[in-house]
Amino acid sequence: MVKISISYTGGLHCLAEHGPSRATLETDAPVDNQGKGESFSPTDLVATALGTCMATIMGIYARQKDLVLDGMRIEVTKEMTASAPRKIARLTTEVWMPVGLARNPAIEHAALACPVHQSLHPDVEKPVNFHWS
């Protein structure tokens, strides 16, 4: 169990603290929802969680198999619904694998098995494209 403590600091900003490490991050509402876009929005953090979770799970798999993923890049594009209720409609993930690493379906499977990917509501489209050099 991990506790995240959140303080509303005004102006649609929040400060979140990760209990175990005491690391903090700030959020702001996005420009298209009354914010200034001065930091990650809460839904941006969902996209961030998806990409970093996939990278972490692939990293665990790679470590177990003595593979090197250094240089792997991931981009997640978040699209919101156009009509109410406001929610994430689609999270498109592009994964560029390191140069020289042979295509490995098990790494792709590991990415798709990440807890965030598995936890997202079924209505959220989650296409993932792997790019192998």
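Above this note sits the structure.
Attention here is on the structure that accompanies the text.

Thresholds applied
Residues numbered from 1 in each chain as written. Predicted model: local features only at pLDDT ≥ 70, side-chain atom pairs only at ≥ 80, totals over all residues. Heavy atoms only, no water. Helix = DSSP H or I, 4+ residues; strand = E, 2+ residues; numbered from the N terminus. Contact = heavy atoms within 4.5 Å. Areas by Shrake-Rupley, 256 points an atom, 1.4 Å probe, with all protein chains shown as cover. Pairing = 2+ DSSP bridges. Axes fitted to C-alpha atoms, helices over the stretch in contact; angles between N-to-C directions. Expected span 1.5 Å × (residues − 1). Buried < 20%, exposed > 50% of the residue type's maximum accessible area, 1.4 Å probe, protein only. Phe/Tyr/Trp six-rings, centres within 6.5 Å; stacked < 30°, edge-to-face > 60°. Lys NZ or Arg CZ within 6 Å of the ring centre and 35° of its normal. Arc of directions from axis to C-beta.

Notes on the overall build of the protein
Thought 1: Secondary structure assignment for the protein yields three helices and six strands.
Thought 2: Ordering the α and β elements of the protein from the N terminus gives β-β-β-α-β-β-α-α-β.
Thought 3: Projecting the C-alpha coordinates of the protein onto the three principal axes gives extents of approximately 50 × 35 × 25 Å.
Thought 4: Contacts spanning at least 24 positions in sequence make up 46% of the contacts within the protein whose residues lie at least 6 apart.
Thought 5: Accessible surface, the protein as shown: approximately 8500 Å² in total, 55% of it carbon and sulfur.

Focus on the sheet that holds strand β5 (residues 88–96)
Either a parallel or an antiparallel arrangement is found when strands of a sheet pair, and the pairing is made through backbone hydrogen bonds.
Thought 1: Pairing within the open sheet is mixed, and its three strands lie in the order β4-β5-β6. Since the sheet does not close on itself, it has two edges, and those belong to β4 (73–80) and β6 (128–131), each with one partner. Pairs of neighbouring strands in the sheet enclose a mean axial angle of 15 degrees, with direction left out of account.
Thought 2: Strand direction decides the pairing type here: β4 and β5, joined by eight bridges, are antiparallel. Opposite Val76, over in β5, you have Thr93 as the bridge partner.
Thought 3: Set on the sheet, helix α1 (residues 42–64) makes contact with β4, β5 and β6; between it and β4 the angle comes to about 150 degrees.

Re α1
Thought 1: Counted at 1.5 Å a residue, the expected span for α1 with its 23 residues is 33 Å, and the 33 Å between its end C-alpha atoms agrees.
Thought 2: Buried residues of α1: Ala47, Leu50, Gly51, Cys53, Met54, Met58, Tyr61 and Ala62, and no others.
Thought 3: In this structure, the buried residues of α1 make contact with β4, β5, α2 (105–112), α3 (115–119) and β6.
Thought 4: Within two residues after α1, Asp66 carries a phi angle of roughly 55 degrees, on the positive side.

A few points about the pairing of strand β2 (residues 13–18)
Thought 1: Pairing analysis gives six bridges linking strand β1 (residues 4–10) to β2, with the strands arranged antiparallel. Note that in β2 the partner of Ser5 across the bridge is Glu17.
Thought 2: Hairpin connection from β1 to β2: two residues lie between these consecutive antiparallel strands, with Gly11 at a positive phi of about 60 degrees.
Thought 3: Between the end of β2 and the start of strand β3 (residues 24–28), which pair antiparallel, lie five residues, with Arg22 showing a positive phi angle near 70 degrees.

Points about the packing of aromatic side chains
Thought 1: The tally for this structure, following the rule as stated, stands at zero aromatic pairs.
Thought 2: Note that Arg73 overlies the ring of Trp96, its terminal NZ or CZ placed 4.2 Å from the centroid.

Notes on the pairing of β3
Thought 1: Here β2 runs beside β3; their pairing, made up of five bridges, is antiparallel. When the bridges of β3 are listed, Leu15 appears paired with Glu26.

Here's the deal with the sheet that holds β1
Thought 1: Read from one edge to the other, the open sheet built from three strands follows the order β1-β2-β3, with strand pairing classed as antiparallel. Pairing within the sheet leaves two strands with one partner each, and these edge strands are β1 and β3. This sheet shows a mean twist of 20 degrees between the axes of neighbouring strands, independent of strand direction.

A word on α2
Thought 1: The set of residues buried in α2 consists of Ile107, Glu108, Ala110 and Ala111. Burial along α2 is one-sided: seen end-on, the buried residues are contained in an arc of 155 degrees. In this structure, α2 carries Pro105 and His109 as exposed residues pointing more than 90 degrees from its buried face.

Keep in mind these numbers describe shape, not what the thing actually does.
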